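The lines below spell out each chain.
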2 protein chains.
Amino acid sequence: MKKGNPYGTHRVIEPKGSLPQPALKISNDMEIYDNEILIDVDYLNIDSASFTQLLGEAQGNIEVVKFMIMKIVKERGKMQNPVTGSGGMLIGTVQQIGNKLIDSTDLKVGDKVATLVSLSLTPLKINMIKKINPDIERVEIDGKAILFESGIYAKIPSDLEETLALAALDVAGAPAQVQKLVKPGDNILILGATGKSGLMCCCKAKEMIGSEGLVIGQARNEKRKDFLESTNFCDKTIIADVLDPIDVLDKIHETLNGNEVDITINCLSIPNTELSSILPTRNGGIVYFFSMATSFTKAALGAEGVGKDVTMIIGNGYTKNHTQITLDLLRDSKKLRNIFEMKYL
Amino acid sequence: MKKGNPYGTHRVIEPKGSLPQPALKISNDMEIYDNEILIDVDYLNIDSASFTQLLGEAQGNIEVVKFMIMKIVKERGKMQNPVTGSGGMLIGTVQQIGNKLIDSTDLKVGDKVATLVSLSLTPLKINMIKKINPDIERVEIDGKAILFESGIYAKIPSDLEETLALAALDVAGAPAQVQKLVKPGDNILILGATGKSGLMCCCKAKEMIGSEGLVIGQARNEKRKDFLESTNFCDKTIIADVLDPIDVLDKIHETLNGNEVDITINCLSIPNTELSSILPTRNGGIVYFFSMATSFTKAALGAEGVGKDVTMIIGNGYTKNHTQITLDLLRDSKKLRNIFEMKYL
């Protein structure tokens, strides 16, 4: 077997010197290097911002989305949306392990795994798309993928259904970052609280704030607000238009008697919501952007433009123990698990 | 006078409901609202990422850059680069103050001010571009601009030359954020250390780390490294290619006996440097992105892709007392002031 670089630079075709994630094109030749793992893929979970963009461009036509996914993977060697830059993750079965890794990895051939590195850097070959379930952004395929030596993964636990684990692990970073970030007594605004990562963040934030803080969940309409209230994950819920920052600010002022929140967590999947995250956050507070549709310049210049002294953090899908934290959340909250089973199985 | 909104939403033409910064087009009608300030503009300082992009697209032709700036301002009502999304700032003289502000502002007609909100949200009308100095990204114009009620500004101090103050205030956020971020004993990597914000960050970081920490400045070639060493702002200097993350990582490993830094500060002005900032930073460390050429998704997915547990912060051009901190740095470091006088007057 040929010797590979831990970060997979040996697969970069264009531009040279780049790492696989920012690269325009990588090799999806399925003959593995000595430090790679070959995976027989069952499902892709497309990143929410990416799937929203694809579905919009295809005007809701799933056959066109299939065509677009096949085209992207053929051109780039990986499933990276050219507009959003984002990917998603996959679930599959270990088929072959490179010589160099056989003794060091805890994986063996036949193990069921979810890759926790983004599809935007994962060599992927799709023979056929069997089915797309647009409600949960899941693509069932016949295909193969490569996991690099530095790539993180999770073995699918035996006590959770595999599609349930996949749905949760897809956003594993979010609740784990909330656990690191939120302190007792904090007032937290969660934008996009009714989505997958939003629900997990609400549930985890509620656990962290104690009796003095407040979790405020934003929903886009009455129906979603009713659903959110039924979960009891939030202390307060608001209906606000995330494309209208002044509306969001007003609703938070109403809820907190003229004050702003300590931390805003953006779990949305549409563009242009930077200022809706910045304005309702107090000076000295934190804005955490999980949305892959976030624009760096809109956030940076937006905060400066309104003279807001907030710390703005780029959501990192990886943090220590994030798999454990996320799966435990599903195990500990029967309500969350029920919702996930209803929505994402 | 008509009544205006503090954030300037009354000037947004497209799309409605947006704030002026993300808006595609705002009104640059120079009849002021009751909470606006009219400024007779002397100079624009174009943001470094924006100027680099304009100059590149114009293939170095300054007349073409002039044309492009006039066209952007005509189309958008503000100087916001459509590719980078960024702006810059301006210096000028207060010409008129809205009725509502006359009693509350500390400004009076005739005061010389620098606006510290981005040009990307500032209504601007250019009658003529007199001169462009590409070395310092400064555009001398005959024109007018509007400062909103929420807009931050600095009066030009009497003990510093006005172009010197402008050059420093343009990147006022950078050293002020370094002062908040860096602790004694930290090892700090500054990418783009020889540029304007890079030099200020090195100088401030050196002040903060004490005797145990190290400031490591990155330069792109021997000549710039020699210059950087002559400043004594850094404890170590490295030559590394910021488009090659493995090269940057190797150089840091060499410098720190196989370890990574605690904090990396990205002061570059070119795209695709996200992983060069992430890889040389230790797990649990911080990456601070000042570069307006940073891509949100490349940073987020890049860190996840290499399994790096770092906190990535979006550079905020505003923080409390940033003007004071920045101007004091110029006052306290004779060396820094000399360099600024040589390079930016």
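These numbers come from a predicted model, not from an experiment. (Residues numbered from 1 in each chain as written. Chains lettered and ligands numbered in written order. Predicted model: local features only at pLDDT ≥ 70, side-chain atom pairs only at ≥ 80, totals over all residues. Heavy atoms only, no water.)

Draft legend 1. Representation of the overall build of chain A within the structure. When its secondary structure is counted, chain A shows 11 helices and 14 strands. The C-alpha atoms of chain A give 20 Å as radius of gyration, which agrees with the globular expectation for 345 residues (20 Å, within 12%). With respect to the principal axes defined by its C-alpha atoms, chain A has extents near 65 × 40 × 35 Å. For chain A, the exposed surface amounts to about 13200 Å²; the carbon and sulfur share of it is 47%. The distance from the centre of the 39 positive side-chain charges to the centre of the 43 negative ones in chain A is 4 Å. (Helix = DSSP H or I, 4+ residues; strand = E, 2+ residues; numbered from the N terminus. Rg over C-alpha atoms; globule rule 2.2 N^0.38 Å. Areas by Shrake-Rupley, 256 points an atom, 1.4 Å probe, with all protein chains shown as cover. Lys, Arg positive; Asp, Glu negative; His and termini not counted. Charge placed at Lys NZ, Arg CZ, Asp CG, Glu CD.)

Draft legend 2. Inspection of the sheet that holds strand β7 (residues 138–147) of chain A at higher detail. All names here are of chain A. Read across the sheet, six strands follow the order β6-β7-β3-β4-β5-β8 without closing on themselves; strand pairing throughout is antiparallel. Of all strands in the sheet, those with a lone pairing partner are β6 (124–133) and β8 (153–155), marking the two edges. Taking each pair of neighbouring strands and ignoring which way they run, the sheet shows an average axis angle of 30°. Inspection of the sheet shows strand β3 (residues 37–46) paired to β7 by eight bridges, in the antiparallel sense. Residue Ile-39 lies in a different strand from β7, and its bridge partner there is Ala-145. (Pairing = 2+ DSSP bridges. Axes fitted to C-alpha atoms, helices over the stretch in contact; angles between N-to-C directions.)

Draft legend 3. Spotlight on unusual backbone geometry. Note the cis peptide between A:Glu14 and A:Pro15, where omega equals -10°. The topology assignment puts A:Pro15 in the loop between β1 (12–14) and β2 (25–26). Even without glycine at this site, A:Asn257 takes up a positive phi of about 50°. Looking at the element boundaries, A:Asn257 is found in the loop between α7 (245–255) and β12 (261–266). One non-glycine residue, B:Asn272, adopts positive backbone phi at about 70°. With respect to the secondary-structure elements, B:Asn272 resides in the loop between β12 (261–266) and α8 (274–278).

Draft legend 4. Region of the structure containing a positive patch on the surface. Residue and element names in this part refer to chain A. Residues Arg-220, Lys-223, Arg-224 and Lys-343 make up a contiguous surface patch of positive charge. Inspection of the secondary structure puts Arg-220 in the loop between β10 (214–219) and α6 (222–231). For Arg-220, a relative accessible area of 58% translates into the label exposed. (Patch = residues over 30% accessible without salt bridge, like charges linked within 9 Å, V, L, I, M, F, W, Y side chains within 5 Å. Salt bridge = Lys/Arg side-chain N within 4 Å of Asp/Glu carboxyl O. Buried < 20%, exposed > 50% of the residue type's maximum accessible area, 1.4 Å probe, protein only.)

Draft legend 5. Here's a closer look at the state of the cysteines. Residue and element names in this part refer to chain B. Inspection of the entire model under this criterion finds zero disulfides over all chains. Cys-202 takes part in no disulfide bond, and the closest cysteine sulfur to it belongs to Cys-234, at a distance of 3.6 Å. With relative accessibility at 0%, the residue Cys-202 sits in the buried group. (Disulfide = S-S within 2.5 Å.)

Draft legend 6. Quick peek at helix α10 (residues 322–332) of chain A. Those residues of α10(A) that fall on the buried side of the exposure criterion are A:His322, A:Thr323, A:Ile325, A:Thr326, A:Leu327, A:Leu329 and A:Leu330. Buried residues along α10(A) sit against β8, α3 (162–169), α4 (173–181), α5 (196–209) and α11 (334–344) of chain A. (Contact = heavy atoms within 4.5 Å.)

Draft legend 7. A look at the interface of chain A and chain B. On the side of chain B, 54 residues touch chain A, which itself brings 53 residues to the contact. Counting each side, the surface lost to burial between chain A and chain B is near 4300 Å², with a carbon and sulfur contribution of 67%. Of all residues in chain A, A:Phe296, A:Glu304 and A:Ile314 bury the most surface against chain B, accounting for 18% of the area lost on that side. Our count for the contact surface shared by chain A and chain B stands at two salt bridges. With its nearest N and O atoms 3.3 Å apart, the salt bridge here joins A:Lys180 to B:Asp309. When contributions to the side of chain A that touches chain B are tallied by element, the ones reaching two or more residues are α7, α9 (296–305) and β14 (311–314) of chain A. By residue number, the principal contributor to the side of chain A that touches chain B is α9(A), which donates 10 residues. In terms of residue class, the side of chain A that touches chain B is made up of 26 nonpolar, 20 polar and seven charged. Relative to strand β14 (residues 311–314) of chain B, β14(A) is paired through three bridges, and the arrangement is antiparallel. The residue of β14(B) that forms the bridge with A:Met312 is B:Ile314. (Buried area = accessible area lost by both parts, 1.4 Å probe. Nonpolar A, V, L, I, M, F, W, Y, C, P; charged D, E, K, R; others polar.)

Draft legend 8. The packing of aromatic side chains, seen in detail. Overall, the coordinates contain six aromatic pairs over all chains when judged by the stated rule. With centroids separated by 6.4 Å and ring planes inclined at 85°, the aromatic side chains of A:Phe289 and B:Phe296 adopt a geometry described as edge-to-face. With A:Phe289 in strand β13 (residues 281–289) and B:Phe296 in helix α9 (residues 296–305), this residue pair bridges two chains. Using a relative accessible area of 1% as the deciding quantity, one classes A:Phe289 as buried. A relative accessible area of 3% places B:Phe296 in the buried class. Both rings, one in B:Tyr288 and one in B:Phe290, keep their centres 4.6 Å apart while their planes meet at 40°; by these two values the pair is tilted. Geometry around A:Tyr344 places A:Lys196 over its ring, the cationic atom sitting 5.3 Å from the centre. (Phe/Tyr/Trp six-rings, centres within 6.5 Å; stacked < 30°, edge-to-face > 60°. Lys NZ or Arg CZ within 6 Å of the ring centre and 35° of its normal.)

Without other data, these values stay purely geometric and don't point to any function.
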